[in-house]
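# An overview of the molecular structure
Spelled out, the chains give:
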Amino acid sequence: MTRTSRLLALRLLALAGTLTLSASAVWAGADRSRPPSPEPPRPLTLPAVTSHTLQNGLPVRMAPMREVPVVEVVLVIRAGAAADPLDRPGLASMVADMLDEGAGGSDALQLADAVDFLGADLSTGASWDATTIRLHVPVSRLGEALGLMADVAQRPAFGSADLERLRREALTGILQARDQPRRIAALALARAVFGKAHRYGLPLDGDAPSVASFQTSDLQRFHADYYHPENAGLVVAGDVDAATLLPLLERSFGAWPRGRGASTAMPAPRQLRERRVVLVDRPGAAQSVLRLGRVGPPRDTPNQVEIEVMNTLLGGSFTSRLNDNLREQHGYSYGAFSGFDYRRVAGAFQAASDVQTSVTADALREFVKELTRIRTRASAEEVERARNYLAYGYAQDFETTRQMAARLAEQWLYGLPEDTFSTFVPRALAVGGAQVEATARGIIDPGKLAIVIVGDRSKVEGGVAALGLGPIDVLTVDDLLGPAPRLDEPPGR
Amino acid sequence: MGLLSTVSLLLLAQATVPAASPRLEVPYKIFRLENGLTVIVHEDRSAPIVSVNTWYHVGSGREKLGRTGFAHLFEHLMFEGSRNVPEGAFDRWLEAVGGNNNGSTNTDRTNYWEDAPANALEVPLFLESDRMAYLLDNLTPETVDGQRDVVKNERRQSYENRPYGMAEIELSKAMFPPDHPYSWPTIGSMEDLSAASQEDVAEFFKKWYAPGNASVVIAGDVDAARVRELAVTWFAEVPARAAVEPIIPRPVALAEEKRLVMEDKVQLPRLYLQWPTPPYLAPADAALDALAGVLASGKNSRLYKKLVYDLQVAQDVSATQESAALASVFSIVVTARAGHTLEEIRGHVDAEIAALQREAPSSRELERFLNQHEASFYDRLERVGGFGGKADLLNNYFFHTGNPDYFEEDLARYRSLAPSDVRAVALRFLRPERVVLSVVPEGKRELAVPEVKR
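### Digging into the overall build of chain B
If you tally the helices and strands in chain B, you get 15 helices and 12 strands. Across its three principal directions, the C-alpha atoms of chain B cover 70 × 55 × 35 Å. For chain B, with 454 residues in total, the buried portion stands at 54%. Restricting to contacts in chain B with at least 6 residues of sequence separation, those with at least 24 account for 78%.

### A look at the domain arrangement of chain B
When the parts come together, some accessible area is lost, and that loss is often what is quoted as the size of the interface. Residue and element names in this part refer to chain B. Entries for chain B in the domain assignment read domain 1 (7-14 + 26-235) and domain 2 (258-360 + 418-447). Using only C-alpha atoms to locate each centre, domain 1 and domain 2 end up separated by 33 Å. Listed by partner, the interface residues are 12 residues for domain 1 and 18 residues for domain 2. A per-class count over the side of domain 1 that touches domain 2 returns eight nonpolar, two polar and two charged.

### As for the sheet that holds strand E3 (residues 59-64) of chain A
Two orientations exist for strands paired in a sheet by backbone hydrogen bonds: parallel and antiparallel. Residues and elements named next belong to chain A. Read from one edge of the open sheet, six strands run E2-E3-E7-E4-E6-E5, paired in mixed fashion. Two strands lie at the open edges of the sheet, namely strand E2 (50-53) and strand E5 (121-126), each paired on one side alone. Looking at each pair of strands side by side, their axes are set apart by 15° on average, direction ignored. In the sheet, E3 pairs with strand E7 (residues 232-238) via five bridges, with the strands oriented parallel. Considered in E7, the bridge of Ala-63 is made with Ala-237.

### Side note on helix H8 (residues 224-235) of chain B
Between its first and last C-alpha atoms H8(B) spans 16 Å; for 12 residues at 1.5 Å apiece the expected length is 16 Å, and the two agree. Burial in H8(B) covers these residues: Val227(B), Leu230(B), Ala231(B), Val232(B), Thr233(B), Trp234(B) and Phe235(B).

### A few points about unusual backbone geometry
Even without a glycine there, the phi angle at Ala346(A) is positive, about 55°. Tracing the chain through its elements places Ala346(A) in the loop between strand E10 (333-342) and strand E11 (347-356). Phi angles above zero are rare outside glycine, and Tyr164(B) is one such case at about 65°. Topologically, Tyr164(B) is positioned in the loop between helix H4 (141-160) and helix H5 (167-175).

### A short note on the nonpolar core
With 226 residues, the main nonpolar core has Met149(A), Ala188(A), Val236(A), Val452(A), Ile218(B) and Leu394(B) as its most contacted residues. Looking at which element gives the most residues to this core, the answer is helix H6 (residues 181-194) of chain A, with 10 residues. With sequence-adjacent residues up to four places away left out, Met149(A) is seen in contact with Val73(A), Leu122(A), Ile133(A), Leu135(A) and Ser252(A). Grouped together as the second largest cluster of nonpolar side chains are 58 residues, Tyr182(B), Leu307(B), Val317(B) and Phe369(B) included.

### A look at the sheet that holds strand E11 (residues 328-336) of chain B
All names here are of chain B. Read across the open sheet, the five strands follow the order E8-E12-E9-E11-E10; overall the sheet is mixed. Of all the strands in the sheet, the pair left with one neighbour each is strand E8 (258-264) and strand E10 (314-322). Strand-to-strand, the axes of this sheet are offset by a mean angle of 15°, without reference to chain direction. Seen against the sheet, helix H10 (residues 302-310) touches E10 and E11 and runs at an angle of roughly 160° to E10. Seen against the sheet, helix H11 (residues 342-358) touches strand E9 (270-277), E10, E11 and strand E12 (435-441) and runs at an angle of roughly 125° to E11.

### Let's talk about the interface of chain B and chain A
Every contact between the two is made by 78 residues of chain B and, on the other side, 82 residues of chain A. Breaking the side of chain B that touches chain A down by element, the ones donating at least two residues are strand E1 (6-12), helix H2 (89-96), strand E6 (110-117), helix H3 (122-134), H4, H8, helix H12 (363-380) and helix H13 (390-401) of chain B. Of the residues assigned to the side of chain B that touches chain A, the class counts are 31 nonpolar, 26 polar and 21 charged.

### Let's talk about the pairing of strand E4 (residues 70-77) of chain A
Residues and elements named next belong to chain A. Counting buried positions along E4 gives eight out of eight residues, so the element sits mostly inside the fold. Alternating positions in E4 separate into two faces, Val-70, Glu-72, Val-74 and Val-76 on one and Val-71, Val-73, Leu-75 and Ile-77 on the other, with burial throughout. As paired elements, E4 and E7 share seven bridges and run antiparallel to each other. Its bridge partner being in E7, Val-74 is matched across the sheet by Val-235.

### Concerning the domain arrangement of chain A
Residue and element names in this part refer to chain A. According to the domain assignment, chain A consists of domain 1 (50-253) and domain 2 (276-480). Put simply, the middle of domain 1 and the middle of domain 2, counted by C-alpha atoms, are 29 Å apart. Contact with domain 1, which involves 30 residues of that partner, is made by 28 residues of domain 2. Elements that contribute at least two residues to the side of domain 1 that touches domain 2 include exactly E3, E4, strand E6 (131-138), H6 and E7.

### Topic: the environment of Leu481(A)
All names here are of chain A. With respect to the secondary-structure elements, Leu-481 resides in helix H18 (residues 477-481). Spatially, the C-alpha atoms of Leu-481 and Arg-178 are 8.1 Å apart, while their sequence positions differ by 303 residues. Beyond its immediate chain neighbours, meaning those up to four positions away, Leu-481 contacts Ala-177, Arg-178 and Leu-187.

### A few points about the confidence of the model for chain A
Here chain A averages 92 in pLDDT, and 93% of its residues register 70 or above. Contacts from residues 1-26 of chain A, a stretch scored under 50 in pLDDT, to residues over four places away or in other chains number 37 contacts.

### Things to note about the environment of His330(A)
All names here are of chain A. Checked against the element boundaries, His-330 lands in the loop between helix H11 (321-329) and E10. On the neighbour-count criterion, His-330 (19 C-beta atoms within 10 Å) is partly exposed. Distance from His-330 to Val-359, taken between C-alpha atoms, is 9.7 Å for residues 29 residues apart in sequence. Contact partners of His-330, with chain neighbours within four places excluded, come to Asn-325 and Glu-366.

Cut-offs applied
Residues numbered from 1 in each chain as written. Chains lettered and ligands numbered in written order. Predicted model: local features only at pLDDT ≥ 70, side-chain atom pairs only at ≥ 80, totals over all residues. Helix = DSSP H or I, 4+ residues; strand = E, 2+ residues; numbered from the N terminus. Buried ≥ 20, exposed ≤ 12 C-beta atoms within 10 Å, placed from the backbone. Contact = placed C-beta atoms within 7 Å. Domains from an automatic or database assignment. Nonpolar A, V, L, I, M, F, W, Y, C, P; charged D, E, K, R; others polar. Pairing = 2+ DSSP bridges. Axes fitted to C-alpha atoms, helices over the stretch in contact; angles between N-to-C directions. Expected span 1.5 Å × (residues − 1). Core = buried A, V, L, I, M, F, W, Y, C linked by C-beta atoms within 7 Å. pLDDT = per-residue confidence, 0-100.

Here you go:
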């Protein structure tokens, strides 16, 4: 439709609707002398979550959400990259990627055709602690789609030709990581914080030698060890009730054979005991990618709410100190943030920004300043803003079926208490300045920190050295990632 | 300027379709203030949140030569305070009640949203109306300088320091003549960003940020009658300003194939093919979306299956009808695997295009795309706020059609397609006259499509 006809349509509508409302009787003008005071907060009423168990023991948690005729189903397998064999980093990811490359007697193309034809979205992936298989589908197609999801989870083909195809894709992806300063920085930071000896120090989806080594037998063994009802949970959110859903789930997942319980114990990483500075040289880079990090707390840490309030103030919101300082006050960057990645065994803290090359040292100085200042008492106004932002914005985390299912999956995976969501708001609102300060002192220490800079060494090294943060470990991209994998032979040789 | 005290009712939309119908519907009320501002209200009581979503009908497509990137720089300045909102307070006051916000600029429009707990609705109304009325009162050269630096860093982060990041800029330049506003990127050039002055800001604000050139959607856990009162309270005092000239579509045509080569710090070469196509919502627009789906959406799509699955000569492939108000571009992008040239890739892509020009896709191929596309409409209805939530979409449809609840009509464009329509647009638009851009690793021009046609 053209702009001209749109204007015409508007004019016709205006003629049709000539009713005029008079609002002058009650209008007294706006008071702009201060921001309006909110009305009393409305309670966040979450859908009533019910728990069920299928015949084979597979637990199910479901939350009815009736606004839109869609359903999100997530199968969580309690094994992710942390369960990779020591000599096979990336195996959990490859297993997850291979699940939908042929399953239940269909090849990869047939399976994709069936899923796409239903208007469904079926995806698989591994995190550190879990593998998830997610299905998002119009409710009218739920039954058929669950059958495909069950095939993918329980009956993957793990064909060798498909493995070769995905191996080349993964190795090419590893090659392409060299182009991306942010990926280089993420790998350098993980290496600096956790070391090569800890699984967390290697990429979640593995490195080239490991990916090159996978056999279909590795995939089958991982699947047999971990993919069974004792080690899995289902969560469902959407436009369906238990009476309709449970028979469908029984049919698709109720006959999944039981297996052994599986443990995925992993040693806790050691906290840094000094400051490390790593400079990865990228000649000619337009910006320096800055990442500062250390070992963080696990998901079941008792003070997670306090940590989140502290982080909101430090780097978790637009008005946080890091973004306000680096972006708004100094114009060094398009943005700066900080955050915690909570895992079953410890986690990771990082503060991050991409800054203009010429201000690299200035920006680093400001980062260290903020990571020092967060350990002192914040103003009452800052603390109140941070806790309100978290508490009163919490409803937005539960709006869609995908969000709701993701929260339920997280709760099940980490065994979080039943009242985790319902108590979040009052707990966040109760956090005061003393707790923020104590929390920061417990987990942030600018003296025991890894600092990664990916940028043009010739332009930034002098300024960074002058900050006196400690000796600088200068690396090339090859030093960090190893030589680029050679991939130009035709497939299959 | 006298304060305006009435609102005129433009249209009252009510649910008139039986509940059993599968018709997609987002009920709304719409009214226009005397200063010309259109207000659209949608009630969704499922969560205690509200989104205030404002579109100004100006994007980089309205910029002057020498001031490219200005519409987007201006978007940044909108967050830096206004007469009654000190610098920094826009975000602080909103966060203090649990809200967040963002804005974005494209070639055609600039949008802003504030998502907040519904009990704090008046905070975004205050903030949004204050900057619509009084932005210039609090603006200093230092503010402009500060955001100029931020935007330059946005350009470095999103284009210059990103692999293949400069390709988009080259492509626009090749597709559109220099006086066509789509020939420059929304992010602008560093030179023009440096040249932008406080006077430019004042001029742009007065010309384009008129209430008559804006629409505000208020969606969520609200009462429509109460919202109407509040809209008057906060927005009626915004002074009316001169009407802006309408956007006139300006499609382009290429006289011949243009072949370009760029070197970049990348490991693998990437091929871009682009053709000029009709604007958003023009008759062929939906069929071109379907063509893109048949070519590159899912493992069974023509290009993915051939290049990534069967031959394994490519790492990824995409096809998109990039729809916009003045003119659209149909784009195919393929990253080659190591050991393969872009000329080889081009040959495969052209063979697949020729096949679709000879014979229409199967009805299953089209239906697969349509089912996926229809499901994506449901997904958009799950969220009230943010980019692409219901509030943003009501504004999008209002801007482009005058009808905020255009969801069903939009979907009907796709439901009515036949396989022959897909073949027809492939024939009509994927012509030999096109832009062929090869991005190759530094020093490896031999991997490019040759610049002289063989």
